[in-house]
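What the coordinates show
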Amino acid sequence: MNLPHSPLCARAEPDGVSGHRSAPAKRRDISCLIHLILLTLLSACAQEKPPHAQKLGDAERGKVALQQYACTGCHVIPGVVGANSHVGPPLAGLAKRTYLAGALPNTPENLLRWLKEPQKIAPLSAMPDLGVKDAHAMDMAAYLYTLD
Amino acid sequence: MSPFKPFKQFLLHAAAALAVLGTLGAVGGVAVMYFGLYNIAAVDQHTLPVYTLLDTALRQAIRQRAKHIAAPALSDPALVEKGFVRFRKNCVPCHGAPGVAPGDAGKGMLPLPNNLAESARELAPREIFWVVKNGLKMTGMPAWEYRFEDEEIWAIVAFVAKLPTLSPKEYRAMEEEHFERTPASAER
C-alpha cells in the first residue's frame, strides 16, 4: 500500500528493493489505514454542517442585534421574544430558503449584503437600510442560519 | 363523632398549605425584586411568560379605555395631510415610515416601537387616538395630550390609518411634494 500524500504514512514505504515488508512496517500500514478512515469520517461530519456556519459571527449576539436593529418590528423571528410582526416575511426556515428577498441566491455573502444594504438590492422594498455594522450583520447571519 | 370532622380537618390543612405557599411566593417575589434578579436591560430579551403578560395587559388596557371614544370622519385629505406633517416630525424618529428606518433612539428601545402600518391594521382609530393622547407607561411612548389639541391627534390618526395603503415610493412622493411647497423652516 502506497500512500505518499499522507504525512502520517510517510514512513510506511517498502523497506527494501524486494518489496517485502517487515512486521513493524505492516503495523504502520494498518495504523495508517485506520488514520485515513478516521480522517475521512471526520471530514464527512464537517461537511454535514451548513457550509456557511463557520465564518459568520456569534448567533447569541445575533439575536440581540436583530432586536437592536428593529428587525423584530417587522419579522417573526423564531427564538426572539416579541418578534411577532407580519410587516415583512417571517424568517423561520431562512437557512433552507433558496432565494433571499426573492432575488438573491441564499449564500452567506448575499445575506450579509441584504442585511446591510437592502435598498441597493431592492429599491422598491419597504425594508429600509438600517445602518447595520459589519460585525453585527455577521452575528445576525449566524443566528438566521440556525433557523432551519 | 361528627361526620364533618375529617372534612374540617382537610380544610384546615388546605388553608395552612395555601398560607405557607402564598408566603413563600411573596417572599420569593420580593427577593427577585430586591436582589435585582430580573434583568431590566433593553438588550436582554423578556422571557416569554413576562412578555406575554405585559403585551396582553397592554392590549387589553388600550381596548378597555378606548371603548367609548367616538372617532370623527378621517378621510378628508386635508386632515390626512395635516397629520402627515406631524407624523413625519414626531412619530418617524422612533417608529419609522414605509421604507424609512426608525432613528437610533427608536431602534435601541425594548419594547421596540411598533411599525405603525401594522398597528393601523390591528387597532381601531379610536385606540390609536387613545395611545397617542395618553402615552404608554414603561414603553417609551410619550403622551401627546399636552403638546397637541385633540383635533391634531385625530389628524395624526387619520394619516396613520392610511399607512397600510402607502408604498415606500408613495410615501417618499408625499414628502417631496409637501416639502417643496412648504420650506422646512415653516414646519411646526
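Being a predicted model, the structure only gives us computed values, none of them experimental.

Moving on to the layout of surface pockets. Each pocket or cavity is described by its volume, and for the second largest pocket that value is around 890 Å³. In terms of lining, the second largest pocket is formed by 46 residues, of which the most central are Cys74, His75, Val87, Gly88 and Met127 of chain A. Broken down by secondary-structure element, the contributors of at least two residues to the lining of the second largest pocket are helix H3 (108-116) of chain A together with helix H4 (92-95) and helix H6 (116-122) of chain B. Considering every element that reaches the lining of the second largest pocket, the biggest residue donor is H6 of chain B, with 4 residues. Here the lining of the second largest pocket is built from residues that sort into 32 nonpolar, 11 polar and 3 charged.

Note on aromatic pairs: each is described by the distance of the centres and the angle between the planes. Residue and element names in this part refer to chain B. Throughout the structure, instances matching the rule amount to 7 aromatic pairs over all chains. Look at Phe84 and Phe159: their rings are 5.4 Å apart centre to centre, the planes differ by 55°, and that puts the pair in the tilted class. You can see Phe84 sitting in helix H3 (residues 77-90) and its partner Phe159 sitting in helix H8 (residues 150-162), a full 75 residues away along the chain. Comparing Phe84 with Phe159, the two get one shared label, buried. Their ring planes at 20° and their centres at 5.6 Å tell us that Trp144 and Phe148 sit as a pair that is stacked. Overall, Trp144 belongs to the buried group, its relative accessible area being 16%.

For Asn115 of chain B, the position within the fold is in the loop between helix H5 (104-107) and H6. In this structure the side chain of Asn115 of chain B is engaged in a polar contact, spanning 2.9 Å, whose partner is the backbone nitrogen of Ala117 of chain B.

Before going further, it helps to spend a moment on the interface of chain B and chain A. How big an interface is tends to be reported as the loss of accessible area on association of its parts. Each partner contributes to the interface: chain B provides 21 residues, whereas chain A provides 25 residues. Between chain B and chain A the total buried area reaches about 1700 Å² when both faces are included, carbon and sulfur atoms providing 56% of it. Along the contact surface separating chain B from chain A lie 0 salt bridges. Where chain B meets chain A, there are 8 residue pairs in polar contact (both at pLDDT 80 or more). Of all the elements in the fold, those that place two or more residues in the side of chain B that touches chain A are helix H2 (48-66) and helix H9 (168-181) of chain B. Along the lines of polarity and charge, the residues of the side of chain B that touches chain A split into 11 nonpolar, 6 polar and 4 charged.

Here we take up the confidence of the model for chain A. All names here are of chain A. Looking at chain A as a whole, the pLDDT averages 80, with 64% of positions reaching at least 70. Per-residue pLDDT, averaged within each element of chain A, yields its smallest value for helix H1 (residues 23-48) (59) and its largest for helix H5 (residues 134-144) (97). Across residues 6-16 the pLDDT falls below 50, and counting only partners more than four positions away or on other chains, this stretch makes 15 contacts in the model. Confidence drops under pLDDT 50 across residues 45-49; counting only partners more than four residues distant or on other chains, this segment forms 0 contacts.

With that out of the way, let us pick up a nonpolar patch on the surface. Residue and element names in this part refer to chain B. Taken together, Val30, Val32, Met33, Tyr34, Phe35, Leu37, Tyr38 and Ile40 make up a surface patch of nonpolar side chains, about 980 Å² in accessible area. Tracing the sequence through the fold places Met33 in helix H1 (residues 5-34). By relative accessible area, Met33 is classed as exposed at 65%.

Averaged over every residue, the pLDDT of chain B is 93; the share at 70 or more is 95%. Here H9 of chain B is the element of chain B with the lowest mean pLDDT, 89, and helix H7 (residues 125-134) of chain B is the one with the highest, 98.

Membership of the largest hydrophobic core comes to 35 residues, with the highest contact counts inside it found for Phe87, Val157, Phe159, Val160, Leu163 and Tyr171 of chain B. Of all the secondary structure elements, the ones that give two or more residues to this core are H2, H3, H6, H7, H8 and H9 of chain B. Considering every element that reaches this core, the biggest residue donor is H8 of chain B, with 8 residues. Leave out the neighbours within four places in its chain, and Phe159 of chain B touches Val80, Gly83, Phe84, Phe87, Leu166, Tyr171 and Met174 of chain B. Ranked by size, the runner-up nonpolar core spans 30 residues in total, among them Leu56, Ala65, Met127 and Ala142 of chain A.

Moving on to the environment of Ile121 of chain A. Structurally, Ile121 of chain A is set in helix H4 (residues 118-121). In this view, Ile121 of chain A contacts Leu104, Arg113 and Trp114 of chain A; residues no more than four positions away in its chain are not counted.

In this section: the pattern of salt bridges. Residues and elements named next belong to chain B. Scanning the entire structure with this criterion turns up 10 salt bridges over all chains. With a closest N to O distance of 3.1 Å, Glu151 and Lys82 form a salt bridge. You can see Glu151 sitting in helix H8 and its partner Lys82 sitting in helix H3, a full 69 residues away along the chain. Lys82 gets classed as partly exposed once you look at its relative accessible area, which sits at 25%.

This part is about the side chain of Glu118 of chain B. You can see Glu118 of chain B is positioned in helix H6. For Glu118 of chain B, which is buried and forms no salt bridge, the nearest opposite charge comes from Arg59 of chain B, at a distance of 6.6 Å. In this structure the side chain of Glu118 of chain B is engaged in a polar contact, spanning 2.8 Å, whose partner is the backbone nitrogen of His86 of chain A. In this structure Glu118 of chain B touches Gly73, Ser85, His86 and Val87 of chain A, once residues within four positions along its chain are discounted.

Conventions adopted
- Residues numbered from 1 in each chain as written.
- Chains lettered and ligands numbered in written order.
- Predicted model: local features only at pLDDT ≥ 70, side-chain atom pairs only at ≥ 80, totals over all residues.
- Heavy atoms only, no water.
- 1 Å grid on protein atoms, 1.4 Å probe; cavity = no way out; pocket = protein on both sides within 12 Å on 5 of 7 lines; lining within 4 Å.
- Points joined across faces, edges and corners; volume = space filled by probe spheres on them.
- Helix = DSSP H or I, 4+ residues; strand = E, 2+ residues; numbered from the N terminus.
- Nonpolar A, V, L, I, M, F, W, Y, C, P; charged D, E, K, R; others polar.
- Phe/Tyr/Trp six-rings, centres within 6.5 Å; stacked < 30°, edge-to-face > 60°.
- Buried < 20%, exposed > 50% of the residue type's maximum accessible area, 1.4 Å probe, protein only.
- Polar contact = N/O pair within 3.5 Å; in protein donor to acceptor, adjacent residues only side chain to side chain.
- Contact = heavy atoms within 4.5 Å.
- Buried area = accessible area lost by both parts, 1.4 Å probe.
- Salt bridge = Lys/Arg side-chain N within 4 Å of Asp/Glu carboxyl O.
- pLDDT = per-residue confidence, 0-100.
- Patch = residues over 30% accessible without salt bridge, like charges linked within 9 Å, V, L, I, M, F, W, Y side chains within 5 Å.
- Areas by Shrake-Rupley, 256 points an atom, 1.4 Å probe, with all protein chains shown as cover.
- Core = buried A, V, L, I, M, F, W, Y, C linked by side-chain atoms within 4.5 Å.
- Lys, Arg positive; Asp, Glu negative; His and termini not counted.

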